[in-house]
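Per-entry structural report
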Amino acid sequence: MGSNSPRGHRSAPSSYGNLSVDDIEAELRTHFAVQWRRYTFERFLGRGAFGITFRLIERLSANKTRRLAVKRSLTPQREAELQNEIDWLKTLRGAEHIVRILATRDEPESIAMTGRARRRRTMNTRPGLEDSLEGLAGPVVVLEYLENADIAQLYMRLVQHDQLLPNRILWSFFLCLIRACVALAYPPNLAEDEPNVLETVPTDGTAPSKIEHADLHAGNVMIGEIGGFEEHILVPPLKFIDFGRTREGFQGVSDNVWKISRIMINLIARQQVRISAWITEYKGFETRATEILHHGNGARYPTLDDDMRDFLARCLADEERDRPTLADLLYTAETAVRNKTAAAYPGQAGETDQEIRRLLQRFIYDADT
């Protein structure tokens with residue numbers, strides 16, 4: 001039964017009910033250093049509402065490595081929340097703008113698996129990755145590691161250097177956030193070995209789900225790596241993380257879109273905008289996007305695309321009937337990213353490909369995470 005284990009046996013899960021974060025870090029460091037030499041424990045990344053996250057290095061070959069994020073519950077009492085996150089990440093697997101789940105240890109019966117069952121499971125996952133979690137207590141999940149920090153850290157850097165983001169980055173980021181909302185509305189639920197896809201709204205009239213992320217804020221939106229799909233050749237993707245509170249709610253799409261629209265307003269303003277405190281009329285409807293509109297504080301953002309002002313005003317309309325549909329949101333953002341090149345912003349040197357790359361290098365790729 002233990003023939004597939006690098007140590008020739010299966011270790012028993014360790015107790016962690018009374019362990020501190022330092023204790024858990026020491027346990028994980030020992031676990032991966034001693035039992036699983038393919039992996040190097042690197043460092044503690046952070047603590048969230050339901051769990052703690054660490055970074056590993058996986059040796060894929062003699063000259064190739066990759067980083068991974070490993071998350072586990074902080075106490076046995078929070079296992080249900082981490083298990084909830086694991087379940088939703090499996091449902092959302094394959095969405096380009098959702099952090100990718102790579103391996104889990106969440107099936108109780110796995111401790112008693114036969115060699116044949118273990119071989120079958122290994123064939124359906126990345127070899128060795130899921131096995132490396134054996135012996136750890138509580139639900140554990142391995143995720144893709146997103147190198148470039150979160151949106152909250154980004155706008156702190158922008159404030160520090162008094163830097164407004166170019167419109168082309170703003171449109172690209174908004175498209176990412178919208179696609180992530182599409183993933184929640186229409187979960188891809190792809191197999192472990194299937195590649196990511198760009199999220200799209202079905203044209204057959206399929207009703208969207210009522211899934212709500214339920215913890216959407218700038219700290220739970222990470223910046224990914226450039227490349228892959230064409231829309232990320234210049235600007236890297238954004239991805240939702242932390243699904244411990246995710247649920248089937250009552251509003252679904254409406255709640256998620258409202259939250260990403262607030263994230264965009266805050267990113268433009270580089271501060272937490274109190275949208276509830278300033279409702280004004282705009283083109284025949286009431287909106288909470290007054291901060292960026294010309295009759296509000298729009299003069300603070302002189303280079304902001306008027307189409308973006310209008311778009312956000314509609315997204316943050318006070319009445320849901322005045323807001324765009326999810327399909328309309330996706331179409332508008334896709335069209336802007338595709339058609340609004342540097343030529344759409346004459347006289348704004350910051351909108352060129354060269355200047356956008358320079359800004360991304362300074363504020364994202366070269367910045368401390």
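Residues numbered from 1 in each chain as written. Predicted model: local features only at pLDDT ≥ 70, side-chain atom pairs only at ≥ 80, totals over all residues. Heavy atoms only, no water.

**Points about the overall build of the chain**
Secondary structure summary: the chain contains nine helices and eleven strands in total. Going through the 369 residues of the chain one by one, you find that 52% of them count as buried. Here the contacts in the chain between residues at least 6 apart in sequence split such that 70% fall between residues at least 24 apart. Total accessible area on the chain is roughly 17100 Å²; 49% of this is exposed by carbon and sulfur atoms. (Helix = DSSP H or I, 4+ residues; strand = E, 2+ residues; numbered from the N terminus. Buried < 20%, exposed > 50% of the residue type's maximum accessible area, 1.4 Å probe, protein only. Contact = heavy atoms within 4.5 Å. Areas by Shrake-Rupley, 256 points an atom, 1.4 Å probe, with all protein chains shown as cover.)

**Brief notes about empty space enclosed by the protein**
Scanning all chains against the criterion turns up four cavities of 30 Å³ or more. What the largest cavity holds in volume is close to 60 Å³. Every residue along the wall of the largest cavity is listed here: L164, L165, N167, L170, L267, I268, Y301, T303 and L304. Mapped by element, the contributors of at least two residues to the lining of the largest cavity are α5 (167-185) and α6 (253-269). (1 Å grid on protein atoms, 1.4 Å probe; cavity = no way out; pocket = protein on both sides within 12 Å on 5 of 7 lines; lining within 4 Å. Points joined across faces, edges and corners; volume = space filled by probe spheres on them.)

**Details of the side chain of S132**
Along the chain, the position of S132 falls in the loop between α3 (115-123) and β5 (140-144). For S132, the side chain forms a polar contact with the main-chain oxygen of L129, separated by 2.5 Å. (Polar contact = N/O pair within 3.5 Å; in protein donor to acceptor, adjacent residues only side chain to side chain.)

**Points about the pairing of strand β4 (residues 101-105)**
Counting buried positions over the five residues of β4 gives five, a clear majority of the element. As judged from the four bridges shared by β4 and β5, these two strands associate in the antiparallel manner. Note that in β5 the partner of A103 across the bridge is V142. (Pairing = 2+ DSSP bridges.)

**A short note on the environment of F285**
Here F285 shows up in strand β11 (residues 285-287). A relative accessible area of 6% places F285 in the buried class. With 38 residues separating them along the chain, F285 and R323 place their C-alpha atoms 9.8 Å apart. Excluding residues within four positions of it along the chain, F285 makes contact with T280, A313, R314, A317 and D322.

**Details of the packing of aromatic side chains**
We describe a pair of aromatic rings using the distance from one ring centre to the other and the angle between the two ring planes. Scanning the model with the defined rule gives six aromatic pairs in all. Plain terms: the ring middles of Y282 and F285 are 5.8 Å apart, the flat faces sit at 85° to each other, and that makes the pair edge-to-face. Grouping aromatic residues by their ring pairs yields a cluster made of F41, F44 and F54. (Phe/Tyr/Trp six-rings, centres within 6.5 Å; stacked < 30°, edge-to-face > 60°.)

**Comments concerning α6**
Between its first and last C-alpha, α6 extends 24 Å over 17 residues, near the 24 Å set by a 1.5 Å rise per residue. The element α6 is largely enclosed, with a buried count of 15 among its 17 residues. Immediately downstream of α6, the backbone of R270 shows phi near 60°, a positive value. (Expected span 1.5 Å × (residues − 1).)

**Looking at the nonpolar core**
One finds I151, L154, F173, F174, I178, F240 and L326 to be the most contacted residues of the largest nonpolar core, which totals 85 residues. Judged by nonpolar contacts, the second largest core, of 19 residues, contains F54, V70, L102 and A103. (Core = buried A, V, L, I, M, F, W, Y, C linked by side-chain atoms within 4.5 Å.)

**Quick notes on the pattern of salt bridges**
Enumeration according to the criterion identifies 27 salt bridges in this entry. Close ionic contact of R72 with E27 constitutes a salt bridge, the shortest N to O distance being 3.4 Å. Note that R72 is positioned in strand β3 (residues 64-73) and E27 in helix α1 (residues 21-35), a separation of 45 residues in sequence. Through salt bridges that share partners, E42, R55, R67 and E147 make up one connected network. (Salt bridge = Lys/Arg side-chain N within 4 Å of Asp/Glu carboxyl O.)

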